[in-house]
Amino acid sequence: MSELWGALLVLIVCPILGAVPLIAWITKALTQQQLVRVGTGNISVSAAFYHGGTLVGILAVLSEALKGIVAVLIARTFFGHGSAWELIGLFALVIGRYWIGRGAGTTNVVWGFALHDPLASVFIFLFASISFSILRSRTIAKFGVLVTIPIIVAVLHFDDTPKILAAVALSGLIAWIYTQIPDDLDLSPEEAKADSQAVFQLFRGEQTILSLDDDLDAAFVGEKAARLSQINQWGYPVPKGWVLLPYDDPQPLIDYLQPSELSPLVVRSSAIGEDTEYSSAAGQYDTILNVTTKEGLQQAIVKIQASYDSPRALQYRSDRGLKSAAMGILIQQQVRGVFSGVAFSRDPMSQELDAVVIEALPGSPTQVVSGKVTPEQYRAFVTDGENHSLIQLEGSGKVPQVLIKQVAYLSRQIETRYHGIPQDIEWCYDGQTLWVLQARPITTLQPIWTRKIAAEVIPGTICPLTWSINRPLTCGVWGTIFSIVLSERALGLDFNQTATLHFSRAYFNASLLGEIFNRMGLPSESLEFLTRGAKFTKPPIESTLRNIPGLLRLLVRELCLEKDFKRDLRQRFTPALSELEELPGDNLEPKLLLERINFILEMLRRTTYYSILAPLSAALRQAVWRTKDSEIDRQKDPEVAALKALTELAIAAKQILPKPEPDDVLEGLAQTSQGIKILTQFNQFLENYGYLSEVGTDIAVPTWKENPQVVRELFVQLIQGNTPPLNNNRQKQSRKHQGAVQRRINLKAKVSEVYSRLLAELRWSFLALEKQLLKSGLLKQPGDIFFLELEEVQALIESRNTSLLDNLPQLIVKRQEKFEEDKHFNRVPLLVYGNAPLSPLESANKVSEQILQGIPASPGKVQGKVKVLHSFEASIDIDKNTILVLPYTDAGWAPILVRAGGLIADAGGRLSHGAILAREYGIPAIMDVKNATWVLQDGQKVTVDGSSGIVEIDNDLRPE
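Residues numbered from 1 in each chain as written. Predicted model: local features only at pLDDT ≥ 70, side-chain atom pairs only at ≥ 80, totals over all residues. Heavy atoms only, no water.

Caption draft 1: Up close: the sheet that holds strand 23 (residues 950–954). An order of 16-23-22-18-19-20-21-17 is seen for the eight strands of this open sheet, with the pairing classed as mixed. Looking at strand neighbours, the two that pair on one side only are strand 16 (851–853) and strand 17 (855–858), the edges of this open sheet. Ignoring which end each strand starts from, the neighbouring axes of this sheet average 30° apart. Judged from the four bridges that link them, strand 19 (residues 882–886) and strand 20 (residues 902–905) form a sheet pairing that is parallel. Across the sheet, residue Leu886 finds its bridge partner in strand 20, namely Ala905. (Pairing = 2+ DSSP bridges. Helix = DSSP H or I, 4+ residues; strand = E, 2+ residues; numbered from the N terminus. Axes fitted to C-alpha atoms, helices over the stretch in contact; angles between N-to-C directions.)

This is the structure in C-alpha cells:
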C-alpha cells in the first residue's frame, strides 16, 4: 500500500515541483527582469545567466539542482535506493518543467541522475566532456549524451529492465523537448550580461553550417531565410543556399563555399524583423550579386551586415516603430535568369480578389525591383474550380504567356500555403526551372477580413445601434474562449479587433484569428470547421500537447455547458424574461427605459457566451462522433418548431375550408366555431413566436409580432395546399454517442430561443425609447434611433453631450445615406484586405460559364427558375418550380424558404439556418456559392444538386 501512495506522490508532486518557476522568481527579485518576456521566453538556467548575470545563473543552477535531488529522494523514500522510480520521478519533473515551467529540465536531470547513479554519471560526464572538446558542437554533444544515458544504464544494469526503459523514456522526452523550444545559447553573446559572456561563449561551441535544407527559425535567421527554407521543404524550386547567423564567425562558411565565375553566389540580407506581415523592409538592406571569389564573399558579408545600421535602414525602423535586432546573411547560388520578375498574389491597388499582378522582364529580377527599368505588366485572373484552376491573362510582351500563367498559379499556391495571406513573390526562370527567390506578405493588405463566417453569424446590412451592441458582445466572448486556452500566451492580442464593419456588413479579422490559432497550435481553418462544417486538418501532435492545459480548461467548460446553462436559465434568464414580459416598457420614462435596456444587455452578455459555445460544441461533437445530419432531430430549433406548428395548424384549417379563396380564408374560418378556435390558436402562435424576425441578430429589423402580415400570408398559402411535407424520414439509430450530440443540439435550440427573446425585448425597449425621443423632438423620424450607437443613446438620455445634441440631425442623415448606399451593393467581397477597402467592384469571375460550386447543404436534385432576392420580401410569388437565390439565410426567411423548390445562398454552411430548414423540409440547398446573387438572374433555368454542391446553368434559355 505504501508503494501505491509513493507512486501517486511521485506522479503528482514531481510535475508540480517542476512547474514552480524558481528561476523566474530569482531573476525578477535580483534584476527586475521577466524571463518570459525577453529573449526566447524560456525560463532556463542559460536564460538566467544571459539576462541576469553570473550570480543569478549560479542561484538558478542551485535551485534546479535541488529540484532534481528532491524528486529522486521522494522516490527513494518509498521504493528504495536506485530504483526505476527515481528516473520516473525525474521524468514527471521534466514534464512539469516543460509544459508549465517553460524550461527543458536539463539541470534537474543532471543533478538528479548524479544522485540516482553516481557511477553511470561519471561515464556520461567523461563522454560529454570528450565529445564537446573534440567536436565543439553542443548539438552533437547534448543529443549524443541523451543516446549514451540509456546505453550506459543498460551496460551497468543489464538485468534491470524497468530502469533501462525509464532511462530510454527520460532521454527521449528531453530530446523531444530540445526540438520544441529555442536554445538560449543561440542568442548573441555580445548582448549577454558582461560577467557571464565568457561562460556563455564557451558553451555555444563551434557553429554549424546552416543551409536552406534545414528547418530554420525566423527568430534567429530572419524571415527571408526561414521562409525560403520552408518553401524549399514544401517542394518548390529554391536556389541552394546557406545561412550565417547574426554574430557568428563567417570564416567557416567562407571556407566551405567555393564561389567562381562558373558558379557565382548572391549574398542577401535576412534581417530579424524583415519580410514580416507588418514590415517588409523592402530595399532597405543591400544585396550583392556575382560574387565569384572568397575575398569578394567576405567583403559582401561585411557590407550587408553594415547596411543594417545604414541611415535609411535606421530611419525606416524608426518610422515603423520597430526595435533594432540583428542581421542574418543568406548566401545562395545565383540563377542566370532568362526571364525574371515579381508577382503579387493579390492586387494591392484595386484589391480585386482574383487578380495576380505580375511584372516581368528578360534577364535578372533586380531590374524589376530596382525601379530603374519599366517592366512588362500582366494581370492574371485565377479562379479555383473543383479539380483545377482557370487562368485568364491580361497583358502581352516578350515574356511567354505560358510562363506568366505558371507564375500566377505558383503565386496562388504559395499564398494558400500561407493560409491565404497575400504574398509578394520574387521569381526567376532559367530556361528550364521556375525558381522562387523570395516570398513575403504584402504588408499593405493586412489585416485580412473575412465575410464567410460573419455572414452566417451576423448577416445582412447592420445599423450602427445593432453593431455597437453586437460587436462588444461577440468580441468579448471570443476573447474569453481563446483566453481560456491560451492563458498567458493571449498577452498582446486585442480581441476587440476580432470583428468590424465594411460596407455596413460584419467581417471577422482573419489575420487575428490566424495568429490566435497559431498560438493555439491549431490549423488555420479551425473556426470555419467549427462554425461552417469545413474540412478540418489534424493539428501537429506537439502543438496539441503544448496546449493540453488550456484545452483541458476549455473541455471542462464544454462538459459543464449544459449544467451551467440550466442553472443560469433557472436563476437568471427565466426570471428576467418573465419580469420583462410582465412589465413592458411602453409607458416608462426615458431613464427607466435606459435602466431596462442595461438590464437586458447584462442578460445578453451571459447569453452570448452560450450562443457561441453551444453551436461550436454541437458541431465539434457531431464531427468527432461522425453523426450524420439525418440522425439529428432539430425540431426544437425555434424556426423549425415555428414552421412545424404553423404547418400543423394549416392542416387542421384545411379540414374546415377544403377549397378556400385566398382573400376569404381568414373570414371563412371566422364563420365557424372550429375556425374561430384555429384563429385563436394562430394568434397564440404569434404570441409564442412573435420574437422571431427576418434577421434574428439585428434589432433594427421588425419582429413577427410587429409585422404579422408575413406569417398570415404564409398561413393562407399553406391552407391553400402549399403545405411542405416535413422530412420525418430521419434515420433512427441508437449509436452510443448520438444522445450526447442530440443533447447539444437541443441545448443550442434553447439557447437560441432565450437569446432571440432577449434581443426582441431589447428592440421593443429601444422602440419605446424612440417614441419618447420623437415626442421631445430629439429624433425626427421613426427608425432614427437605430442610426445612433449605444453610448450615444445613453448620452442623449443623460444630456451629458451638448456637441452630440447639436450635430444629431446631420449625424443621423449621414449614417442613413451611407447605410442606403451600402445596402444597394449586391455583391460585397468575401475577403477584404486592409482597413480601407475600395467599393465593391461591378465585375465577377465565375468558375465557368455553366457551373457554380458551393457547399452541399441539403441533398436532392431539382431544376427550376431562379428568383434572386437581395432582401426579405414577404409577398413574393414563388412555388416548387422556384429556385431561391439569397445573400444569406436566417430564421426570418423561413416563411418564403419552405415554399421554394431549391435554395442557393452566397454565404453560409451546413449548420446555417437555411441548411437546417432545407433538410427538414426536403429542399435541395447549396450554401457559400460565390457571387450567386450577382451571377444568376431572375428567370434563368438552373439545376441544383444539393448532394454535390453544384449549380448547373442553362444558358440556352434567356432570363425573363
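Caption draft 2: Structural view of the confidence of the model for the chain. Per-chain confidence: the chain averages 82 in pLDDT, with 83% of residues scoring 70 or above. Across the chain, the element-wise mean pLDDT spans from 51 in helix 21 (residues 526–532) up to 95 in helix 24 (residues 561–582). Low pLDDT, under 50, characterises residues 729–734; the predicted model gives this stretch 11 contacts beyond four residues in sequence or across chains. Segment residues 841–848 is flagged for pLDDT under 50; beyond a separation of four residues in sequence, or across chains, it makes 22 contacts in the model. (pLDDT = per-residue confidence, 0-100. Contact = heavy atoms within 4.5 Å.)

Caption draft 3: Broad picture of the packing of aromatic side chains. The tally for this structure, following the rule as stated, stands at 19 aromatic pairs. An angle of 85° between the planes, with centres 6.3 Å apart, marks the rings of Phe573 and Tyr610 as edge-to-face. Of the two residues, Phe573 is situated in helix 24 and Tyr610 in helix 25 (residues 590–624); the sequence distance between them amounts to 37 residues. What makes Phe573 buried here is its relative accessible area of 1%. By the ring-pair criterion, three or more aromatic residues cluster together here, those being Phe682, Phe685, Tyr689, Trp704 and Phe715. (Phe/Tyr/Trp six-rings, centres within 6.5 Å; stacked < 30°, edge-to-face > 60°. Buried < 20%, exposed > 50% of the residue type's maximum accessible area, 1.4 Å probe, protein only.)

Caption draft 4: Just the environment of Gln315, in detail. With respect to the secondary-structure elements, Gln315 resides in helix 15 (residues 311–320). Taking the relative accessible area as the measure of exposure, Gln315 reaches 45% and is therefore partly exposed. In sequence terms Gln315 and Gln284 are 31 residues apart; their C-alpha atoms lie 9.7 Å from each other.

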